[in-house]
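Chain by chain, the residues run as shown.
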Amino acid sequence: MTRVTSAQKIAAARAEGRPALIGYLPAGYPDVATSIEAAVALAENGVDVIEIGIPYSDPVMDGQVIQEATVQALANGFKVPQIFEIVRGITERTDAAVMVMTYWNPVLRLGVDEFARRFAEAGGAGLITPDLVPDESAEWMEASEKHGLERVFLIAPSSTEARVQRTVDASSGFVYCVSLMGVTGARSEVSSAAQAVVDAAHNAGAENACVGLGVSRREHVEEIGAYADGVIVGTALVAALRDGGVPAVGALAAELSGRA
């Protein structure tokens, strides 16, 4: 199996003069088989990189829609080792890069090297680790190098210049740029915050800086894609899966990618 990386897909999108489209879905929601079909629908409708989230009992960074989906997946019996079945199910049927977003505890519990090996064997590209910082990632650095996996760490508007540099240096594939949005604030303000984070990543040497901002429409993709290398869509896709199943996921992906 030839593994496709996020860096390759972002570079291919750049060559076409567009940002890469990254779509997030939770593993095992509403069940394992449907989560695979939904991810395949993303790839068939213009999504370059598929981000699969491992359901976790304490999802500190997830909004309500994603929290409710992951709670349902866990209630339906999702177990962490099923992530490899899901990744393989996607990589065998698409040419998208498949990333997994996970809190660090599930990886630790399975064993970092064991997780990395099985994930690579399933065709996975790399991990996005929201609660793991580069300073504490020595074991992951070693395992990712050994198994050829990408490391995606996060930066935010609050990140210091030194922290941004450390994160960019530790990341491979892309840097995940988080925009801290308050309860209020116009879209122009949100965009400026995100753009500042992306600019900081680029200034620190990041080749690929990707960002998500509650993106739900094609114009958001175009707006953010004017300065970011990739645009991440999560909640809107999960809500589409909840409300309309796999066909709704495919339809939204086609709209977001400009194919519709």
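What counts and what doesn't
- Residues numbered from 1 in each chain as written.
- Predicted model: local features only at pLDDT ≥ 70, side-chain atom pairs only at ≥ 80, totals over all residues.
- Heavy atoms only, no water.
- UniProt positions renumbered as here; feature names shortened; annotations may be inferred.
- Helix = DSSP H or I, 4+ residues; strand = E, 2+ residues; numbered from the N terminus.
- Rg over C-alpha atoms; globule rule 2.2 N^0.38 Å.
- Buried < 20%, exposed > 50% of the residue type's maximum accessible area, 1.4 Å probe, protein only.
- Contact = heavy atoms within 4.5 Å.
- Areas by Shrake-Rupley, 256 points an atom, 1.4 Å probe, with all protein chains shown as cover.
- Lys, Arg positive; Asp, Glu negative; His and termini not counted.
- Charge placed at Lys NZ, Arg CZ, Asp CG, Glu CD.
- 1 Å grid on protein atoms, 1.4 Å probe; cavity = no way out; pocket = protein on both sides within 12 Å on 5 of 7 lines; lining within 4 Å.
- Points joined across faces, edges and corners; volume = space filled by probe spheres on them.
- Nonpolar A, V, L, I, M, F, W, Y, C, P; charged D, E, K, R; others polar.
- Pairing = 2+ DSSP bridges.
- Axes fitted to C-alpha atoms, helices over the stretch in contact; angles between N-to-C directions.

- Going by what an unreviewed UniProt entry lists, the chain is known as Tryptophan synthase alpha chain and is assigned to Glutamicibacter nicotianae.
- The record in UniProt for the chain states the following under Subunit (unreviewed entry): "Tetramer of two alpha and two beta chains."
- According to the UniProt record, the Sequence similarities (unreviewed entry) comment for the chain is "Belongs to the TrpA family."

1. As for the overall build of the chain
- The number of helices and strands found in the chain is eleven helices and nine strands.
- A globule of 260 residues ought to have a C-alpha radius of gyration of about 18 Å, and the chain, at 17 Å, matches this closely.
- Once the C-alpha set of the chain is aligned to its principal axes, its extents read approximately 40 × 40 × 35 Å.
- Taking all 260 residues of the chain together, the buried fraction comes to 54%.
- At a minimum sequence separation of 6, the contacts of the chain that also span at least 24 residues come to 71%.
- Summing over all exposed atoms, the chain offers an accessible surface of approximately 10900 Å²; the carbon and sulfur share of this is 48%.
- Positive and negative side-chain charges of the chain, numbering 19 and 33 respectively, have mean locations separated by a distance of 4 Å.

2. Some thoughts on empty space enclosed by the protein
- Summed over all chains, the structure comprises one cavity of 30 Å³ or more.
- Looking at the lining of the largest cavity residue by residue, the class counts come to five nonpolar, three polar and one charged.

3. So, the sheet that holds strand β1 (residues 20-26)
- The strand order β5-β4-β3-β2-β1-β9-β8-β7-β6 describes an open sheet built from nine strands, whose pairing is parallel. Whereas interior strands pair on both sides, the edge strands pair on one side only; in this sheet they are β5 (150-152) and β6 (154-155).
- Where strand β7 (residues 175-178) lies against strand β8 (residues 209-212), four bridges are found, and the strand directions are parallel. Counterpart to V175 in the pairing with β8 is A209.
- The strands touched by helix α7 (residues 138-147) are β4 (126-128) and β5; relative to β5, the strand with the most contacts, the crossing angle is about 145°.

4. Describing the UniProt feature "active site" (unreviewed entry) in the chain
- Sites flagged by UniProt as "active site" (unreviewed entry) map to E51 and D62. None of the other annotated residues line the largest cavity; only D62 do.
- Inspection of the secondary structure assignment puts E51 in strand β2 (residues 49-53).
- Residue E51 is classed as buried on the basis of its relative accessible area, which comes to 1%.
- The residues touching E51, leaving out its near neighbours within four places in the chain, are I22, G23, Y24, L25, M99, M101, I128, Y176 and I232.
- Inspection of the secondary structure assignment puts D62 in the loop between β2 and α3 (64-75).
- D62 sits in the buried class, given a relative accessible area of 16%.
- With residues up to four places along the chain from it excluded, the contact list for D62 reads Q67 and Y103.

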